[in-house]
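# Geometric and topological summary
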Amino acid sequence: MKADQRAAALARRDALSEHYRAEASSNAAALAEPLLARLAPSVVSGYWPIRSEADPRPLLAAARLVGAAIALPFLADAITMRFRQFEHDARLVPAGFGTYGPPETAAEVVPDLLIVPLAAFDRALNRIGYGKGHFDRAIARLIEAGRRPVLLGLAFAVQEVEKIAAEPHDIPLDFLVTERELMAAPPHA
Ligand SMILES: Nc1nc2c(c(=O)[nH]1)N(C=O)[C@@H](CNc1ccc(C(=O)N[C@@H](CCC(=O)O)C(=O)O)cc1)CN2
Ligand SMILES: Nc1ncnc2c1ncn2[C@@H]1O[C@H](COP(=O)(O)OP(=O)(O)OP(=O)(O)O)[C@@H](O)[C@H]1O
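Residues numbered from 1 in each chain as written. Chains lettered and ligands numbered in written order. Predicted model: local features only at pLDDT ≥ 70, side-chain atom pairs only at ≥ 80, totals over all residues. Heavy atoms only, no water.

Taking an unreviewed UniProt entry as the reference, the protein chain is identified by name as 5-formyltetrahydrofolate cyclo-ligase belonging to Kaistia hirudinis. Within the UniProt record for the protein chain, the comment given under Cofactor (unreviewed entry) is "Mg(2+)". The record held by UniProt for the protein chain lists under Catalytic activity (unreviewed entry) the comment "(6S)-5-formyl-5,6,7,8-tetrahydrofolate + ATP = (6R)-5,10-methenyltetrahydrofolate + ADP + phosphate". (UniProt positions renumbered as here; feature names shortened; annotations may be inferred.)

Printed below as a string of structure tokens:
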């Protein structure tokens, strides 16, 4: 069941040392660098890490180097996640649910590549988030507007599970990177 898979994977993530998490986060960025260079996205959204999450900042630095503007999510209301431009070294403010994001004065932007946090993933690149549906809803809204972003999941290898029972609203990732490997979704038939 989804809630059990989420709790177990988060417990495995919490058990990693801070040192391991830092090294793994930069290894993941190194593995994803060629992908970023190939896709050359205009606006990349990351997230500001909380608790034991994989740190997307090395990946964001790589995205900056290939010319992308950087954005971070904020909660416009309890269910609506949108994105604001993150200027280098800008001050961050509480952005909902214990997260941090750019202040109201930062420009709202539409990312064409999303770095997606997750609790658990499987080899089909399905993911389980924190159970609020913020990413699923935001991605669905972008697709409806004809602005489907490339979805790049970022996680530690220990967050893998055998199989996630995906629901109709779950949107699979296009790519997923861990400290061990970069995975790509199978091409559509
Ligand atoms: N760093 C970071 N920023 C992010 C997210 C994220 O997952 N990580 N989000 C992703 O949507 C959005 C914010 N949504 C969030 C939703 C819930 C929780 C949270 O802490 N949930 C509790 C309860 C989860 C549960 O009951 O399973 C928790 O994880 O302890 C955090 C952020 C946007 N920003
Ligand atoms: N596109 C959508 N439109 C409306 N409701 C949605 C949509 N996507 C998800 N939801 C709702 O959000 C709630 C949480 O969904 P789910 O458990 O799949 O979240 P999650 O994948 O863990 O979270 P997230 O996407 O934030 O990482 C569910 O009640 C689900 O019905």
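## What to know about the packing of aromatic side chains
Tallied over the entire structure, the rule returns one aromatic pair. With 5.8 Å between their ring centres and 85° between their planes, W48 and F86 make a pair best called edge-to-face. Here W48 is found in the loop between strand 1 (43–45) and helix 3 (57–65), whereas its partner F86 is found in the loop between strand 3 (81–85) and strand 4 (93–96), with 38 residues between them in sequence. For W48, a relative accessible area of 26% puts it in the partly exposed group. Residue class for F86 comes out buried when judged on its relative accessible area of 9%. R57 extends its terminal NZ or CZ atom over the ring of W48, reaching a point 4.6 Å from the ring centre. (Phe/Tyr/Trp six-rings, centres within 6.5 Å; stacked < 30°, edge-to-face > 60°. Helix = DSSP H or I, 4+ residues; strand = E, 2+ residues; numbered from the N terminus. Buried < 20%, exposed > 50% of the residue type's maximum accessible area, 1.4 Å probe, protein only. Lys NZ or Arg CZ within 6 Å of the ring centre and 35° of its normal.)

## Description of the UniProt feature "binding site: ATP" (unreviewed entry) in the protein chain
UniProt annotation of "binding site: ATP" (unreviewed entry) refers to K2, A3, D4, Q5 and R6 when read in the numbering used here. Filtering the just-named annotated residues for those lining the largest pocket gives K2 and R6. By the element assignment, A3 lies in helix 1 (residues 2–14). Looking at A3, the relative accessible area reads 36%, which means it is partly exposed. (1 Å grid on protein atoms, 1.4 Å probe; cavity = no way out; pocket = protein on both sides within 12 Å on 5 of 7 lines; lining within 4 Å.)

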